[in-house]
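Coordinate analysis (summary)
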Amino acid sequence: MAIEKNLTINQNETFLEEVGVTNSDGTVFDLTGYTVTAQMRTGYNNFAYTNLNPIIDPDPTTGTLTLNLDYLQTAALRIGRQVYDVIILNTSTSFATRILSGIVTIEGSATQS
């Protein structure tokens, strides 16, 4: 079910990435009863990470969630490439699924916060 999608985050800017979760047949995936975790790391085995602060839409039947970092959080990111993924967890069955993964490129900024 995981889709590979590369992202770009600009330092000192608010980052918002809307993700539409779908079933294998392309229909909307109902996120009712799910929690979501999204992390970015400099490498898969690196213990240090950045939480991508995922938020499920107030109406979970839309299958939409948003990854977000405010400008202070993006200012603290190290320029370069990192890896990330997004995992949803069914809270009643404890079944976890990775829905999205890829490379995040952090673009530098001359203006500092």
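The structure presented is a predicted model; accordingly, all values stated were derived computationally and were not measured.

On to the overall build of the protein chain, then. Scanning the protein chain from terminus to terminus reveals one helix and nine strands. Listing every helix and strand of the protein chain by position from the N terminus yields β-β-β-β-β-β-β-α-β-β. In terms of overall dimensions, the protein chain is globule-like: its C-alpha atoms have a radius of gyration of 15 Å, near the 13 Å expected for 113 residues. Per-residue burial for the protein chain yields a buried fraction of 35% across its 113 residues. A fraction of 64% describes how many contacts in the protein chain between residues 6 or more apart in sequence connect residues 24 or more apart.

For soluble globular proteins, the rule of thumb is that nonpolar side chains tend to be buried together. I9, L31, M40, L65, L67, Y84 and V86 are the most contacted members of the largest nonpolar core, which has 24 residues in total. The set of elements that each furnish at least two residues to this core consists of β2 (7–10), β3 (15–20), β4 (34–41), β7 (64–69), β8 (80–90) and β9 (96–107). Aside from chain neighbours lying at most four places away, what touches M40 is I9, A48, Y49, T50, L52, L77, Q82, V83, Y84, V104 and I106.

A few words now on the pairing of β2. Side-chain alternation along β2 places L7 and I9 on a buried face and T8 and N10 on a face that remains uncovered. With four bridges connecting them, β2 and β9 associate as parallel partners. Opposite N10, over in β9, you have E107 as the bridge partner.

Criteria and cut-off values
Residues numbered from 1 in each chain as written. Predicted model: local features only at pLDDT ≥ 70, side-chain atom pairs only at ≥ 80, totals over all residues. Heavy atoms only, no water. Helix = DSSP H or I, 4+ residues; strand = E, 2+ residues; numbered from the N terminus. Rg over C-alpha atoms; globule rule 2.2 N^0.38 Å. Buried < 20%, exposed > 50% of the residue type's maximum accessible area, 1.4 Å probe, protein only. Contact = heavy atoms within 4.5 Å. Core = buried A, V, L, I, M, F, W, Y, C linked by side-chain atoms within 4.5 Å. Pairing = 2+ DSSP bridges.

So, to be careful, I would describe these as geometric facts and stop short of saying anything about function.
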